[in-house]
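One letter stands for each residue in the lines below.
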Amino acid sequence: MISPPAASDLVTLRDVKFGYGARTVLRDINLTVPRGKVVAIMGGSGCGKTTILRLIGGQLRPKSGEVLVAGRPVAKLNAEDLFRMRRRMGMLFQFGALFTDMTAFDNVAFPLREHTSLPEDIIHDLVILKLQAVGLRGAAGLRPAELSGGMARRVALARAVALDPMLIMYDEPFAGLDPISLSIIGDLIRRLNDALGATSVVVTHDIIESLKIVDYVYFVSEGRVIAQGTPAELKVSDVPYVRQFVDGETDGPVPFHYPAASYRSELMAEIDE
Amino acid sequence: MNDIARMLRRLGGGVIDAVWRLGYASRFIAMVLAASGMAFRRFSLTMRELYFAGVLSLVIISVSGLFVGMVLALQGFETLQNFGAAEAVGVLVATSLVKELGPVVAGLLFASRAGSAMTAEIGLMKTTEQLSAMEMMAVNPLARVVAPRFWAGVISMPLLAAIFSVMGVFGGWLVAVKLLGVDNGTFWSQMQAQIDFRLGIVNGIIKSFVFGAAITAIAVYEGYDAPPTAEGVASATTRTVVESALAVLALDFVLTVFMFRGTGL
Ligand SMILES: Nc1ncnc2c1ncn2[C@@H]1O[C@H](COP(=O)(O)OP(=O)(O)OP(=O)(O)O)[C@@H](O)[C@H]1O
Ligand SMILES: [Mg+2]
């Protein structure tokens, strides 16, 4: 029995299956992101978190199942409608993806210049405002090559929210940040979400930082959502997978290794030959 | 027997692959053309690429043109002298440059100087997800990144070929008149009398225009299609230079056949 998505849900993934070529990455993903909330998607490296964001953004199409944003199936939109929808989405890429031929300022100004006809002095003020919010007003004139990884991520964050989007997607916003900027960015994600009246999806494996700021968490493993709940529920959860994440243990249900032939047989193979 | 079957299979596979790639590339170029509005509406985008593809190629184009013209004059003078027609060296230099060497050599230089840079730049933008980010910002990378580069190449190639020819004629003049003592007046007047505007100059411009379109089409396609890795971009850059060179030489033959008037038919 398929129920229609509640009007209060901005993003719905229903029975989504996806793979690159023959390799299936997502087997059966079901999740919803209610309007106005900050939702985290967690899982080990390579479990398909970035892939989920690309599905929501319409850059990939599911093999089967549905991805709904604001009630509309993203994979069925034509190019024009898809672009109209993306204008209301902001995405922070895992590695920033800043335009290397532009300064930090011009990077943040890019969506404003492309999609609005605001006069340059207003664009200037808006960009400075966004850069100030991520603490990099002083770096406005620097080029991406002159920024550190963490700074680049913060500029990319300013760029992602330049148009005050309704949906903001963050791919690993915490990776490679020092502890101070870590909590600043965490705070920022929460404050931006609430101030803009937006909805946020945060992809991360930093559980400590994200439990402080998110409303709901989905755990993804082997192509499925295997656990979910509010931070309070997760802290007392006894699902082994969740415990491993919350307690930060290296061994447990989440394998450290990419699937492979047995280590012993691979090492011995040379000797056998 | 098995070997032959395997060879045939590989040949067939290769041909299908090549045809598939050609079709894919044509579709890509058609999409770039369809997305070209922005390149003209916001001409500053194209201006920037004109600077990188055109202005920055000026030095290599001018210097090469000068040397090619000087060599042509030296070689031509020797041969023509045997027939007592040494003053015709100006005609020889100008004809070879305007009809053939200008477009072809400028095209080859343009492919290795500007085409390779375009491929590398677009390929790296893809590798670092800049094109992906642009798409997510609802900006079409074909319109914003690829089309301005394509049109900059199409516009700058005929100009560069013309500059190449002018510098070549100047080089020829230096050698013929200043060095070998050909009469200055004869040098220019024969050139003026012998070179037909339509058959010589217009055909040369048509060639350089076609070469420019072919080279930049190859360059932007290879960049956009490059696998998003360091090796991917590296081999795409090499392919641009090789494919452009072959395309220029093959197209030159085809166009020359069409323009050929020598038989009087
Ligand atoms: N373009 C691609 N082509 C083929 N396979 C891919 C491609 N992109 C990702 N994959 C594979 O899909 C799987 C999921 O990738 P994805 O980038 O979504 O992981 P992730 O959860 O974001 O990992 P991380 O936390 O390391 O960023 C990976 O195992 C990867 O090998
Ligand atoms: Mg990822």
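This structure is a prediction, so every number in the text was calculated from the model and none was measured. (Residues numbered from 1 in each chain as written. Chains lettered and ligands numbered in written order. Predicted model: local features only at pLDDT ≥ 70, side-chain atom pairs only at ≥ 80, totals over all residues. Heavy atoms only, no water.)

A. The arrangement of the coordination of the magnesium ion (ligand 2) in detail. With distances of 1.9 to 2.4 Å, the protein atoms coordinating the magnesium ion (ligand 2) are A:Thr50 (OG1) and A:Gln94 (OE1). Residue A:Thr50 is found in helix H1 (residues 49-56), and its partner A:Gln94 is found in the loop between strand E6 (89-92) and helix H3 (104-115); the two are separated by 44 residues along the sequence. (Donors = N, O, S within 2.8 Å, 3.2 Å for Na, K, Ca; no water. Helix = DSSP H or I, 4+ residues; strand = E, 2+ residues; numbered from the N terminus.)

B. Here's a closer look at the pairing of strand E4 (residues 64-69) of chain A. Residue and element names in this part refer to chain A. Examined bridge by bridge, strand E1 (residues 9-20) and E4 share five bridges and lie antiparallel to one another. For Leu13, the partnering residue across the bridge sits in E4 and is Val67. In this structure, E4 lies alongside strand E5 (residues 72-73), joined through two bridges in antiparallel fashion. Looking at the pairing, Leu68 lines up with Pro73 of E5. (Pairing = 2+ DSSP bridges.)

C. Inspection of the site of ligand 1 at higher detail. All names here are of chain A. In the neighbourhood of ligand 1, 13 residues make up the surrounding shell, with Arg23, Ser45, Lys49, Thr50 and Thr51 lying closest. Here Thr50 contributes a side-chain N or O atom positioned 2.5 Å from an oxygen atom of ligand 1. Examining the composition of the shell around ligand 1, we find that three residues originate from one element, H1, more than from any other. (Near = heavy atom within 4 Å. Polar contact = N/O pair within 3.5 Å; in protein donor to acceptor, adjacent residues only side chain to side chain.)

D. Focus on the interface of chain A and chain B. Contacts between the two partners involve 21 residues from chain A, matched on the other side by 16 residues from chain B. Of the roughly 1,700 Å² buried at the junction of chain A and chain B (both faces included), carbon and sulfur atoms supply 58%. A per-residue breakdown of the area chain A buries against chain B is headed by A:Phe83, A:Phe99 and A:Glu114, which together make up 27% of the total. Here chain A and chain B share four salt bridges between them. One salt bridge connects A:Asp101 with B:Arg48, and the closest N-O pair in it is separated by 3.3 Å. Our count for the chain A to chain B interface comes out at 10 residue pairs in polar contact (both at pLDDT 80 or more). Looking at the side of chain A that touches chain B, the elements with two or more residues in it are helix H2 (79-86), E6 and H3 of chain A. For the side of chain A that touches chain B, the leading source of residues is H3(A), giving four residues. (Contact = heavy atoms within 4.5 Å. Buried area = accessible area lost by both parts, 1.4 Å probe. Salt bridge = Lys/Arg side-chain N within 4 Å of Asp/Glu carboxyl O.)

E. The arrangement of the pairing of strand E10 (residues 224-229) of chain A in detail. All names here are of chain A. With five bridges joining them, strand E9 (residues 216-221) and E10 adopt antiparallel strand pairing. For Val220, the partnering residue across the bridge sits in E10 and is Val225. The turn linking E9 back onto E10 is made up of two residues, and Glu222 within it adopts a positive phi angle of 50°.

F. Highlighting the confidence of the model for chain B. All names here are of chain B. Residues of chain B with pLDDT of at least 70 account for 98%, and the chain-wide mean is 91. Predicted confidence in chain B is weakest over helix H2 (residues 37-41), with a mean pLDDT of 86, and strongest over helix H7 (residues 141-179), with 94. Scoring of the predicted complex yields 0.86 for pTM and 0.82 for ipTM. (pLDDT = per-residue confidence, 0-100.)

G. Spatial organisation of the nonpolar core. Core analysis: the biggest nonpolar cluster contains 103 residues, and A:Leu13, A:Ile56, A:Leu167, A:Met169 and B:Val89 have the highest contact counts within it. With 16 residues, H7(B) is the single largest residue contributor to this core. Looking at this core, you find at least three residues from each of domain 1 (1-88 + 165-180 + 193-253) and domain 2 (96-164) of chain A. When near neighbours in sequence (up to four residues on either side) are disregarded, A:Leu167 contacts A:Leu10, A:Val11, A:Ile56, A:Arg88, A:Met89, A:Gly90, A:Thr199 and A:Val201. Among the nonpolar cores identified, the runner-up in size contains 47 residues, and A:Ala158, A:Tyr170, A:Ile207 and A:Phe219 belong to it. (Core = buried A, V, L, I, M, F, W, Y, C linked by side-chain atoms within 4.5 Å. Buried < 20%, exposed > 50% of the residue type's maximum accessible area, 1.4 Å probe, protein only. Domains from an automatic or database assignment.)

H. Expanded view of the domain arrangement of chain A. Residues and elements named next belong to chain A. Domain annotation of chain A identifies domain 1 (1-88 + 165-180 + 193-253) and domain 2 (96-164). On the domain 2 side, the residues contacting the 12 residues of domain 1 number eight residues. Buried surface at the junction of domain 1 and domain 2, summed over both partners, amounts to about 780 Å²; 65% is from carbon and sulfur atoms. Remark: the boundary between domain 1 and domain 2 carries zero salt bridges. Applying the counting rule to domain 1 against domain 2 returns two residue pairs in polar contact (both at pLDDT 80 or more). Residues that form the side of domain 1 that touches domain 2 fall into these classes: nine nonpolar, one polar and two charged. (Nonpolar A, V, L, I, M, F, W, Y, C, P; charged D, E, K, R; others polar.)

I. Just the environment of B:Leu142, in detail. Residues and elements named next belong to chain B. With respect to the helices, strands and loops of the structure, Leu142 is situated in helix H7. Relative accessible area serves as the criterion here: at 6%, Leu142 is assigned to the buried category. The spacing of Leu142 and Ile29 is 113 residues in sequence and 9.6 Å in space, taken between C-alpha atoms. Ignoring any residue separated from it by four or fewer positions in sequence, one finds Leu142 in contact with Phe28, Met31, Val32, Ala35, Ala147, Pro148 and Tyr224.

J. Focus on the packing of aromatic side chains. Counting across every chain of the model gives 13 aromatic pairs over all chains. Between the aromatic rings of B:Trp20 and B:Tyr24, the centroid separation amounts to 5.2 Å while the plane-to-plane angle is 10°, which identifies the pairing as stacked. On the criterion of helical spacing, the pair formed by B:Trp20 and B:Tyr24 is a turn pair, its members being four residues apart in helix H1 (residues 2-34). In this structure B:Tyr24 comes out as partly exposed when scored by relative accessible area, which is 34%. Note on B:Phe187 and B:Trp188: the rings are 5.1 Å apart at their centroids and 85° apart in plane angle, and the pair reads as edge-to-face. Connected via pairs of aromatic rings, a cluster forms that spans B:Trp20, B:Tyr24, B:Phe28, B:Tyr221 and B:Tyr224. Note that A:Lys63 overlies the ring of A:Phe18, its terminal NZ or CZ placed 5.7 Å from the centroid. If you follow A:Arg159 out to its NZ or CZ, it ends over the ring of A:Phe99, 4.7 Å from the centre. (Phe/Tyr/Trp six-rings, centres within 6.5 Å; stacked < 30°, edge-to-face > 60°. Lys NZ or Arg CZ within 6 Å of the ring centre and 35° of its normal.)

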